[in-house]
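What the coordinates show
Below are the chains, spelled out letter by letter.
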Amino acid sequence: MKRIAIALLALPFLCAPAFAQSQGNLKVFISVDMEGITGVVNWEDVSRTGKDYDRFRRIMTDETNAAIEGAVAAGATEIVVRDSHGSARNILPDLLDPRARLIRDWSGGPKVMMEGVDESFDAVIFIGYHAKAGTPDALLEHTSSGDVTDFSINGISMPEAGYNSLIAGYYDVPVVFAAGDKALCEQVEGLLGDVETVAVKEGIGAAALTLHPEVSHERIRLGVQRALSNLDRFEPFKLDAPYTLVLKLKTEESVYRGSFFPGAERTGDWELRYSSDDFLDVMYAFGAMRR
Ligand SMILES: [Zn+2]
């Protein structure tokens, strides 16, 4: 079984001779969420039972392909795509650019939306990302589950893009590009400083002013190519250990349950705290403390 799996995984690269001739030898990790995909404005758009879900998962796949094209143009020779939304089974495997390999479903490990990333990668890209819980004029803003009202590390409140950048930083890999709504782009720039972004839509209250998908794809392709062609510009996102997570949750039940996690401390009415010198340890605790 294992041998068959390896043969299948190697196949896309054998089918792309032009790709194999690329000069850069870059290895790129792309984490793809769905709330920040072009046109998405309602939870129905990103839920398997929603009438327009199939259309948006197609756009999600195309938007990922635009990033892959940009990466290949900049010299990427190995690309791993991590489907990071809901079931983690949204991207249409047969319509994904065959030069990439795809990680589907949840592993159970602490890297979650970053499952598969390690020190062998040169750069990380976020596609379809969204702003943190409580952000004004942001589309489908939330942090992790709907139960989290705030997530902070060492006093810095951050969206999923923030702690996922810390996971990349754990392996000394910089996040070089992010696409999502305008609010997401502002939050990522505020945290990471030098990072290439593309805003595919802008929140107007709970409505969205959105680009046409073809326009988004062109901007993403060019933005990813530009970022990966200037890798020296970017630094891995790191904070100093120990890493102290302060987690604010929405319900008494969640806080009470989370307070029993070994090492967790209840520090407020609906607030938990957990500290460790190992950031992946903190992410594991986060997964166990929230629902
Ligand atoms: Zn999502």
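Now for a look at the structure at hand. Model, not experiment: these values are computed from the prediction.

**Re the overall build of the chain**
Within the chain, the regular secondary structure consists of 8 helices and 12 strands. Over its C-alpha trace the chain gives a radius of gyration of 19 Å, about what one expects of a compact globule, namely 19 Å for 291 residues. With the C-alpha coordinates aligned to their principal axes, the bounding extent of the chain is approximately 60 × 40 × 40 Å. Within the chain, the proportion of its 291 residues that are buried is 53%.

**Here's the deal with the packing of aromatic side chains**
Applying the stated criterion across every chain, the model contains 10 aromatic pairs. Taking the centre distance of 5.1 Å and the plane angle of 80 degrees together, the rings of Tyr256 and Phe260 count as edge-to-face. Here the guanidinium or amino end of Arg290 rests over the ring plane of Phe286, the centre of that ring lying 5.1 Å away.

**Description of the sheet that holds strand 2 (residues 76-83)**
Strand order in the open sheet formed by 7 strands is 3-2-1-4-7-8-9, and the pairing between neighbours is mixed. The open sheet has two free edges, formed respectively by strand 3 (100-103) and strand 9 (207-210), since each of these has just one partner strand. Taking the axes of each pair of neighbouring strands and ignoring which way they run, one obtains an average angle of 20 degrees across the sheet. Bridge count between strand 4 (residues 123-129) and strand 7 (residues 175-181): 4 bridges; the pairing is parallel. For Val124, the partnering residue across the bridge sits in strand 7 and is Val175. The sheet strands contacting helix 3 (residues 53-73) are strand 1 (26-32), strand 2, strand 3, strand 4 and strand 8 (196-204), and the helix crosses strand 2 at an angle near 155 degrees. Each of strand 4, strand 7 and strand 8 is contacted by helix 5 (residues 182-192), which is oriented at about 155 degrees to strand 7, the strand it contacts most.

**With respect to the side chain of Thr143**
Positionally, Thr143 belongs in the loop between strand 4 and strand 5 (148-153). Among the polar contacts made by the side chain of Thr143, one reaches the main-chain amide nitrogen of Ala133 at a distance of 3.0 Å. The contact partners of Thr143, leaving out residues within four places of it in the chain, are Lys132, Ala133, Val148, Phe151, Met158, Glu160 and Tyr163.

**Points about the coordination of the zinc ion**
Bound to the zinc ion on the protein side are Asp33 (OD), Glu35 (OE), Glu35 (OE) and His85 (ND1), at distances that span 2.0 to 2.4 Å. Coordination at the zinc ion is irregular, judged from the 4 donor atoms that bind it and the angles of 57 to 140 degrees they form at the metal.

**Observations concerning the layout of surface pockets**
Estimated volume of the largest pocket: approximately 490 Å³. Forming the walls of the largest pocket are 27 residues, and the residues nearest its centre are Trp106, Val112, Met113, Ser144 and Arg290. Taken together, the elements giving at least two residues each to the lining of the largest pocket come down to helix 4 (160-170) and helix 8 (279-289). Residues of the lining of the largest pocket, tallied by class, amount to 11 nonpolar, 10 polar and 6 charged.

**Some details on the packing of helix 4 against helix 8**
For the pair helix 4 and helix 8, the least separation of the axes is 10 Å and the interaxial angle reads 145 degrees. Where helix 4 crosses over helix 8, the handedness of that crossing is left-handed. Taken together, the residues of helix 8 that come into contact with helix 4 (itself represented by Tyr163, Leu166, Ile167 and Tyr170) are Phe279, Leu280, Met283 and Phe286. By residue class, the composition of the contact of helix 4 with helix 8 is 8 nonpolar, no polar and no charged.

**Some remarks on the nonpolar core**
In this structure, Val124, Phe151, Ile153, Met158, Phe279 and Met289 are the most contacted members of the largest nonpolar core, which totals 46 residues. Elements with a minimum of two residues in this core: strand 4, strand 5, helix 4, strand 7, helix 5, strand 10 (243-249), strand 12 (271-276) and helix 8. Among the elements that line this core, the one with the most residues is helix 8, at 7 residues. When neighbours within four sequence positions are excluded, Met289 is seen to be in contact with Leu245, Leu247, Leu249, Ser254, Arg257, Gly258, Phe261, Ala264, Leu272 and Tyr274. Of all hydrophobic cores here, the second largest spans 39 residues; its members include Tyr53, Ile59, Met60 and Phe177.

**Description of the environment of Gln187**
Structurally, the position occupied by Gln187 is in helix 5. A C-alpha to C-alpha distance of 21 Å links Gln187 and Val112, two positions 75 residues apart in sequence. From its side chain, Gln187 meets the backbone nitrogen of Lys132 in a polar contact 3.0 Å long.

**What about helix 8?**
What helix 8 keeps buried is the set Phe279, Leu280, Val282, Met283, Ala285, Phe286 and Met289. Elements that come into contact with the buried residues of helix 8 comprise strand 5, helix 4, strand 10, helix 7 (252-258) and strand 12. Where helix 8 starts, the residue carrying a side-chain oxygen 2.9 Å from the main-chain nitrogen of Leu280 turns out to be Asp278.

Rules behind the numbers
Throughout this description, residue numbers start from 1 for each chain and increase along the sequence as written. Predicted model: local features are reported for residues with pLDDT of at least 70 only, side-chain atom pairs are reported and counted for 80 or more only, and whole-chain, interface and lining totals are derived from all residues. Derived side-chain values reflect all non-hydrogen atoms in the structure, with water molecules and hydrogen atoms excluded from consideration. The secondary structure listing takes helices from DSSP runs of H or I that are at least 4 residues long and strands from runs of E that are at least 2 residues long, numbered from the N terminus. Here the globule rule reads 2.2 Å times residues to the power 0.38, and the radius of gyration is calculated from C-alpha atoms. Each residue is placed in one exposure class: buried if its accessible area under a 1.4 Å probe, protein chains only, is under 20% of its type's maximum, exposed if it is over 50%, and partly exposed if it falls in between. In this scheme Phe, Tyr and Trp rings, the latter by its six-membered ring, pair at centre separations within 6.5 Å, and the angle between planes marks the pair as stacked below 30 degrees, edge-to-face above 60, and tilted otherwise. A ring is scored as having a charge over it whenever the NZ atom of a lysine or the CZ atom of an arginine sits within 6 Å of its centre and within 35 degrees of its normal. DSSP calls a pair of strands paired once it identifies at least 2 bridges connecting them. Throughout, an axis means a line fitted to C-alpha atoms (over the contacting stretch in the case of helices), and angles, computed between N-to-C directions, take values from 0 to 180 degrees. The contact rule is simple, with two residues in contact once any of their heavy atoms fall within 4.5 Å. Pairs of N or O atoms within 3.5 Å make up the polar contacts considered here, provided that, within protein, one atom can donate a hydrogen while the other can accept it, and that residues adjacent in sequence are counted only when both atoms are side-chain atoms. Counted as coordinating are nitrogen, oxygen and sulfur atoms within 2.8 Å of the metal, or 3.2 Å for Na, K and Ca, while water is not included, which may make sites look incomplete. Under the classification used here, a metal with four donors is tetrahedral if each angle lies between 85 and 135 degrees, square planar if opposite donors are over 155 degrees apart and the others between 65 and 115, a six-donor metal meeting that same test is octahedral, and anything else is irregular. Computed over the protein atoms alone on a 1 Å grid, cavities are sets of points where a 1.4 Å probe fits but cannot get out and pockets are open sets with protein on both sides within 12 Å along at least five of seven lines; a residue lines them when it has an atom within 4 Å of a point. Grid points are joined across faces, edges and corners, and a volume is the space filled by probe spheres set on the points. Amino acid classes used here: Ala, Val, Leu, Ile, Met, Phe, Trp, Tyr, Cys and Pro are nonpolar; Asp, Glu, Lys and Arg are charged; the rest, including Gly, are polar. Less than a right angle of anticlockwise turn of the near helix away from the far helix marks a crossing as left-handed, whereas a clockwise turn marks it as right-handed. Buried residues of nine kinds, namely Ala, Val, Leu, Ile, Met, Phe, Trp, Tyr and Cys, make up a nonpolar core once their side-chain atoms join them within 4.5 Å.

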